[in-house]
Amino acid sequence: MSHIHNFSAGPCILPQQVLEQASQAVRSWDNQGLSLVEMSHRSPAFVDTMEECRALTKELLGLPDRFEILYLQGGASLAFLTAAMNLLPEGGKAAYADTGTWSAKAIKEAKHAGHVDVVTSSKEQNYNHIPEVGHVDPDHAFLHITTNNTIFGTQYAQMPECNVPLVADMSSDILSRSFDPEPFSLIYGGVQKNMGPAGAVMYAIDRERLGAAGRSLPSYLDLEVHLGKDSMFNTPPVFSVYTTMLTLRWLKEKGGVDVIQRENEAKSSLLYAEVDRNPLFEGHAERGSRSHMNATFRLKDEAHAEAFDMAWKAAKINGLKGHRSVGGYRASMYNALPLESVQVLVDVMAAFERSHG
Ligand SMILES: *Cc1c(COP(=O)(O)O)cnc(C)c1O
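Residues numbered from 1 in each chain as written. Predicted model: local features only at pLDDT ≥ 70, side-chain atom pairs only at ≥ 80, totals over all residues. Heavy atoms only, no water.

Asks: Sorry if this is basic, but what is going on with the overall build of the protein chain here?
Replies: What the protein chain contains, in helices and strands, is nine helices and 14 strands. Here the C-alpha atoms of the protein chain give a radius of gyration of 21 Å, agreeing with the 21 Å that 2.2 N^0.38 yields for 357 residues. Referenced to the eigenvectors of the C-alpha coordinate spread, the extents of the protein chain come out at roughly 65 × 60 × 30 Å. Restricting to contacts in the protein chain with at least 6 residues of sequence separation, those with at least 24 account for 68%. Accessible surface for the protein chain amounts to roughly 14,900 Å². Of this, 50% is attributable to carbon and sulfur atoms. (Helix = DSSP H or I, 4+ residues; strand = E, 2+ residues; numbered from the N terminus. Rg over C-alpha atoms; globule rule 2.2 N^0.38 Å. Contact = heavy atoms within 4.5 Å. Areas by Shrake-Rupley, 256 points an atom, 1.4 Å probe, with all protein chains shown as cover.)

See the structure below:
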C-alpha cells in the first residue's frame, strides 16, 4: 500500500484496487498465462473489454442513445483538431470560449479546420475566472468550452446556456459531477486526468452529427470511420482502455457520478475553507469559478516557499507544485483521491500557520 498523498495534476491518482487488478492482468490475464499487453486486441477477451468500457462510459455519464463512445489514441491534443474537422463544415465557423491554456490550444488547432471566433476570454486576468458567454451568432456550428481548466483551477459552475450545440473538452472533470447532456454534440477527454492511465482519449459523439460537416477526412481523423470499426480501426491502447474500464467498474460500484460528486465537493470545500481561513495563503481563481478538481493557491509571502515545500513533502504529499503559468500550488483532487489526503494537506497548512504566521 502506498502512503503517498498524490495531488498530481495528471497522469492522475487511480484507485488502489484498480492498480492491483491492472498489474495482475499485465502479468497474466485471468490467470491464463498470457499478459493483457501481449495478446491480440481482436481476441474475444479484449473485444469484450472495449465494449464494456464504451457501455460503462455511456451509462455513468448518463448519455442518451444518440451518443456513441470511442477510445482512441492521440490524446485530447489530437481531439482539438478531430473535433473541429468532424463538426465544422468547409467554409463554416465555430465559436470558442478561451478560458485557459488548453482552450487556447484547442483554438489553435481548430483554425486548421476553419474559421474560429473567440467569443469570450479571461486571458487578461490570467484566466482567474470563467467569463460569461452571452449570445452566440447562430451561424456558428458549435460553441467549444473547456469545462475545467486544469492549470488555472477554474471550472464552469453551470454549463453555459447557448443557442448553438456545445462541444466540450472535459479532460480534467469528466465523471466528477453530473450534467445535462442535452445541449452537447461532442464531449472528449484524455483519460489520464480522471479515468485511467495515459494513452487513450475518450470521445462521446452524437451519431447524427457525424458526416454533417460534409468533409472528406483522412481516416484516422474521421470519427465515422472509427465508429464503423467499433473503436478498433487500428490497434487500440489496450492497457489504457483495460485500466480505464476497471476504473469505471470501481466508480459504478461506489454508486456512480452522484456519489463521487458529493465526495469531490466535500474534498474541495475542506481545502478552500483552509485557503480562505489561513492568513498565509490566497487562492488564484475567483470564488464563483473555483474548480472542484484543481485548487490553485499561493503563499502571500513567497519568502516562506522553501519552508512550506519542505513541510508538505515531509507529509508525503506529491505533486503540489503549481504550473509555471500560475505559480504557487495546485492541489488536484481527482475522483480517486481520498478525503483523508486533503485533510493531511489542510493539517500541514494549519501547522505552517502556527510555525510561520
Ligand atoms: C491535460 C489536458 C489536455 C491535454 O491532454 P492530452 O491527452 O495530453 O493531449 C487537454 N485539455 C485539458 C483540459 C487537459 O487538462
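Okay, back to it.
Asks: Sorry, what's going on with the state of the cysteines here?
Replies: Working definition of a disulfide: a covalent bond connecting the sulfur atoms of two cysteines. As enumerated under the stated definition, the model contains zero disulfides in all. In this model cysteine 12 remains outside any disulfide bridge; the closest cysteine sulfur is found in cysteine 53, 14 Å from its own. Given a relative accessible area of 11%, cysteine 12 falls into the buried group. (Disulfide = S-S within 2.5 Å. Buried < 20%, exposed > 50% of the residue type's maximum accessible area, 1.4 Å probe, protein only.)

Asks: Before we go on, may I ask you to explain the domain arrangement of the protein chain in this structure?
Replies: Interface size is commonly expressed as the accessible surface area that is lost when the partners come together. The assigned domain composition of the protein chain is domain 1 (16-254) and domain 2 (256-356). Between the C-alpha centres of domain 1 and domain 2 there is a distance of 27 Å. Facing the 27 residues of domain 1 at the interface are 27 residues of domain 2. Taking both sides of the interface into account, the surface hidden between domain 1 and domain 2 amounts to around 2,200 Å²; carbon and sulfur atoms contribute 51%. The interface formed by domain 1 and domain 2 includes one salt bridge. The salt bridge involving lysine 254 is made with glutamate 263; its shortest N-O contact spans 3.1 Å. Taken together, the links from domain 1 to domain 2 amount to 17 residue pairs in polar contact (both at pLDDT 80 or more). Of all elements in the fold, only β7 (154-155) and α6 (238-254) reach the threshold of two or more residues within the side of domain 1 that touches domain 2. No other element matches α6, which puts four residues into the side of domain 1 that touches domain 2. For the side of domain 1 that touches domain 2, a count of residues per class yields nine nonpolar, 13 polar and five charged. (Domains from an automatic or database assignment. Buried area = accessible area lost by both parts, 1.4 Å probe. Salt bridge = Lys/Arg side-chain N within 4 Å of Asp/Glu carboxyl O. Polar contact = N/O pair within 3.5 Å; in protein donor to acceptor, adjacent residues only side chain to side chain. Nonpolar A, V, L, I, M, F, W, Y, C, P; charged D, E, K, R; others polar.)

Asks: Sorry, what's going on with the packing of helix α7 (residues 257-277) against helix α9 (residues 339-356) here?
Replies: Between two packed helices, what matters for the description is the angle formed by their axes and the separation of those axes. The interhelical angle for the contact between α7 and α9, taken along N-to-C directions, is 5 degrees, at an axis separation of 9 Å. Accordingly, the angle class assigned to the pair α7 and α9 is roughly parallel. Here Ala266, Lys267, Leu270, Leu271, Glu274, Val275 and Arg277 of α7 come into contact with α9, specifically with Leu339, Val342, Gln343, Leu345, Val346, Met349, Ala350 and Glu353. Considered class by class, the residues forming the contact of α7 with α9 number 10 nonpolar, one polar and four charged. (Axes fitted to C-alpha atoms, helices over the stretch in contact; angles between N-to-C directions. Parallel < 35°, antiparallel > 145°, perpendicular 65-115°, else oblique.)

Asks: Is there a simple way to think about the nonpolar core in this case?
Replies: Grouped burial of nonpolar side chains is what soluble globular proteins tend to show. Tyr71, Leu271 and Phe308 are the most contacted members of the largest nonpolar core, which totals 76 residues. Examining the composition of this core, we find that eight residues originate from one element, α6, more than from any other. Counting residues domain by domain, this core receives three or more from each of domain 1 (16-254) and domain 2 (256-356). With residues up to four places along the chain from it excluded, the contact list for phenylalanine 308 reads Phe281, Leu299, Leu320, Tyr329, Val348, Met349 and Phe352. (Core = buried A, V, L, I, M, F, W, Y, C linked by side-chain atoms within 4.5 Å.)

Asks: Can you walk me through the side chain of histidine 41 in this structure?
Replies: Looking at where histidine 41 falls in the secondary structure, it is placed in the loop between α1 (16-27) and α2 (44-61). Judged by relative accessible area, which is 15%, histidine 41 ranks as buried. Within polar-contact distance, the side chain of histidine 41 engages the side chain of arginine 42 at 3.4 Å. Among all residues touching histidine 41, those that are not within four sequence positions of it are Phe46, Val47, Met232, Asn234, Thr235, Pro236 and Val238.

Asks: Just to check I follow, could you spell out the sheet that holds strand β8 (residues 166-169) for this structure?
Replies: Think of a sheet as strands paired side by side through backbone hydrogen bonds, with each pair either parallel or antiparallel. Here we have seven strands laid out as an open sheet, ordered β2-β10-β9-β8-β5-β3-β4, and mixed in their pairing. Edge positions in the open sheet fall to β2 (67-72) and β4 (115-121), since each of these has one partner strand only. For this sheet the average axis-to-axis angle between neighbouring strands, irrespective of direction, equals 20 degrees. For strand β9 (residues 184-190) and strand β10 (residues 201-206), the ladder comprises five bridges, and the chain directions are antiparallel. Within β10, the residue paired with leucine 186 across the bridge is isoleucine 205. (Pairing = 2+ DSSP bridges.)

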